[in-house]
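Descriptive structure summary
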Amino acid sequence: MHANRLKSYLSREVDDALRFPLHANLEKVANRRNIELYNIESTRILKCGFRSHNFCNRDFLNLAVNDFNNCQAIYQEELKYLERWVKEKRLDKLKFARQKLAYCYFSAAATFSTPLLAEARISWAKNGVLTTVVDDFYDVGGSAEELENLIQLVKKWNVNLSADCRSEQVQIVFSALHSTISEIGDKAVTWQGRNVTGHVAQIWLELLDSMLIEAEWTRKKAVPTMDEYMANGFVSFALGPIVLPALYLVGPKLSEEQVKSLEYHNLFRLMSTCGRLLNDMQGFKRESKEGKLNAVTLQMLDGSSTSEGEATESIASIIISKRRELLKLVLQEKDSMVPRACKDLFWKMSTVLHFFYMDDDGFTSDEKTSAVKALLDQPITLNELQLS
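To start, this report covers the structure provided alongside it. (Residues numbered from 1 in each chain as written. Predicted model: local features only at pLDDT ≥ 70, side-chain atom pairs only at ≥ 80, totals over all residues. Heavy atoms only, no water.)

In terms of regular secondary structure, the protein chain is built from 19 helices and zero strands. Within the span of the protein chain, comprising 388 residues, buried residues form 48% of the whole. Within the protein chain, residue pairs in contact and separated by at least 24 positions form 72% of the contacts whose partners lie at least 6 positions apart. About 19100 Å² of surface is accessible on the protein chain, with carbon and sulfur atoms providing 53% of the total. (Helix = DSSP H or I, 4+ residues; strand = E, 2+ residues; numbered from the N terminus. Buried < 20%, exposed > 50% of the residue type's maximum accessible area, 1.4 Å probe, protein only. Contact = heavy atoms within 4.5 Å. Areas by Shrake-Rupley, 256 points an atom, 1.4 Å probe, with all protein chains shown as cover.)

Bringing helix 17 (residues 340-356) into the picture now. Between its terminal C-alpha atoms helix 17 stretches 24 Å, which fits the 24 Å expected from 17 residues at 1.5 Å a residue. Among the 17 residues that make up helix 17, 13 are buried, leaving the element largely enclosed by the rest of the structure. (Expected span 1.5 Å × (residues − 1).)

Turning next to a negative patch on the surface. Taken together, Glu145, Glu148, Glu206 and Asp209 make up a surface patch of like negative charges. Only helix 6 (144-156) and helix 9 (197-220) provide two or more residues apiece to the negative patch. Examined against the element boundaries, Asp209 turns out to sit in helix 9. With a relative accessible area of 31%, Asp209 lands in the partly exposed category. (Patch = residues over 30% accessible without salt bridge, like charges linked within 9 Å, V, L, I, M, F, W, Y side chains within 5 Å. Salt bridge = Lys/Arg side-chain N within 4 Å of Asp/Glu carboxyl O. Lys, Arg positive; Asp, Glu negative; His and termini not counted. Charge placed at Lys NZ, Arg CZ, Asp CG, Glu CD.)

Attention now moves to the environment of Ile172. With respect to the secondary-structure elements, Ile172 resides in helix 8 (residues 168-192). Take Ile172: its relative accessible area is 4%, and that puts it in the buried class. If we skip the residues at most four places from it in the chain, Ile172 touches Lys89, Arg90, Leu91 and Leu94.

In this section: the nonpolar core. Counting 116 residues, the largest nonpolar core has Leu91, Phe106, Trp124, Tyr138, Phe346, Met349 and Leu376 as its most contacted members. With 11 residues, helix 9 is the single largest residue contributor to this core. Those residues within four positions of Trp124 in sequence are excluded, and the remaining contacts are Cys104, Ser107, Ala108, Phe112, Ile242, Val243, Ala246, Leu345 and Met349. (Core = buried A, V, L, I, M, F, W, Y, C linked by side-chain atoms within 4.5 Å.)

Pairs can form between side chains of opposite charge once their charged atoms are near each other. Across all of its chains, the model carries 18 salt bridges by this definition. We note a salt bridge from Arg98 to Asp135, for which the minimum N-O separation is 3.2 Å. Remark: Asp135 occurs in helix 5 (residues 118-141) and Arg98 occurs in the loop between helix 3 (58-88) and helix 4 (101-109); sequence separation between them is 37 residues. Residue Asp135 is classed as partly exposed on the basis of its relative accessible area, which comes to 24%. Put simply, Glu183 and Lys187 hold a salt bridge, and the shortest N to O gap is 3.8 Å. Placement of both Glu183 and Lys187 in helix 8 is noted, with a separation of four residues, approximately one turn of the helix. One network of salt bridges, with partners in common, ties together Arg98, Asp135 and Asp136.

On to the side chain of Thr351. Inspection of the secondary structure assignment puts Thr351 in helix 17. Discounting residues that sit within four places of it in the chain, Thr351 has contacts with Leu22, His23, Ala24, Asn25 and Leu26.

A separate point is the packing of helix 6 against helix 9. Packed helices, taken two at a time, are described by the angle their axes make and the gap between the axes. Here helix 6 crosses helix 9 at 160 degrees, and the two axes come no closer than 10 Å. The orientation of helix 6 relative to helix 9 falls into the category roughly antiparallel. Seen from above, helix 6 lies across helix 9 with left-handed handedness. Note on element contacts: helix 9 touches helix 6 through Ala201, Leu205, Leu208, Asp209, Leu212, Ala215 and Glu216, opposite Leu147, Glu148, Leu150, Ile151, Val154 and Lys155. Class assignment of the residues belonging to the contact of helix 6 with helix 9 gives a composition of nine nonpolar, no polar and four charged. (Axes fitted to C-alpha atoms, helices over the stretch in contact; angles between N-to-C directions. Parallel < 35°, antiparallel > 145°, perpendicular 65-115°, else oblique. Left-handed = near helix turned anticlockwise from the far one by under 90°. Nonpolar A, V, L, I, M, F, W, Y, C, P; charged D, E, K, R; others polar.)

Another aspect to go through is the environment of Asp136. Mapped onto the elements of the fold, Asp136 is located in helix 5. Each C-alpha atom of the pair Asp136 and Arg98 lies 7.3 Å from the other, and the pair is 38 residues apart in sequence. Beyond its immediate chain neighbours, meaning those up to four positions away, Asp136 contacts Phe96, Ala97, Arg98 and Gly141. At a separation of 2.8 Å, a polar atom in the side chain of Asp136 contacts the main-chain amide nitrogen of Arg98. (Polar contact = N/O pair within 3.5 Å; in protein donor to acceptor, adjacent residues only side chain to side chain.)

A separate point is the side chain of Gln299. Here Gln299 is to be found in helix 15 (residues 295-300). A distance of 2.9 Å separates a polar atom in the side chain of Gln299 from a polar atom in the side chain of Ser314. The residues contacting Gln299, other than those within four sequence positions of it, are Met226, Thr306, Ala311, Ser314, Ile315 and Ile318.

Okay, structure coming up:
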């Protein structure tokens, strides 16, 4: 009986290690799996009498379970706050917009889980929701005039909503952007000792400009080169407003010199390029049916008679290369300007992307839904662990 159970534990651990490699293994999700696989039965080394106190320790298990459940209670309160925020900002009234709050918050809670980083999680999740709304607005929700209008409003910043907004949905989107950017700017002062609102607004403006370019390509049925597509696409993938403002809320001070450095730009570019290509590779068939531009499609249209399989293989190879470049830059110590705690956030987002795009286009599989529920909704029960 004992041997069979031990074999079962080992088999599940091996399956997990193969299923979730380092680059797709979310911290808090892995934490739960490790707790569920922790073996509290007596384990000895072969025939000797030695038994390590680091294994089969019921106190360790109790501590881990309590820590996980306490963190989950904090996450639930933060998620309730975000649900109220969505309603207060009337984002749920935008019929064109996907409602992905749980996924946006999950990606934050699963990667920087310590209770002390609540402000960074909230910023990450709010901007995740807003980038989804804006992406849908530029894809299907807004007219050409409304798309231009939103950009002009962000540029002007201090506006008369009733006079300057061309429609109610523009007003809803801009109001949510304005209040969220201002709020993050205010909170960042405590951490940074300076005003970063202008930089956060600029990050958003760059995203809106890139999304407008893609909308115009679609409207005019233009086909950019692969280089043109990727130069715009790593920005339009919309990780900038999610990750970059959160860097101001994780501890280290970031100077303007650091934010403008080549290292900072390369971290963002590599992370976003991985995300763009993962999305395009997994969403190729769906986006082709919708008539959207896609890196796989452009590879097939480059004049070299590239097949779908060859194009997909090429994209997968580029993703591996960019991921390795990103990890090398994150781990680099010599001549590095960006604090390690900030660099880690780029890698954490890369891990989120590889997790979500592991098998499909991100939000559709039952496995991802189960992972979200397990982290945010389902506490761990010790009795169930001991019976498993």
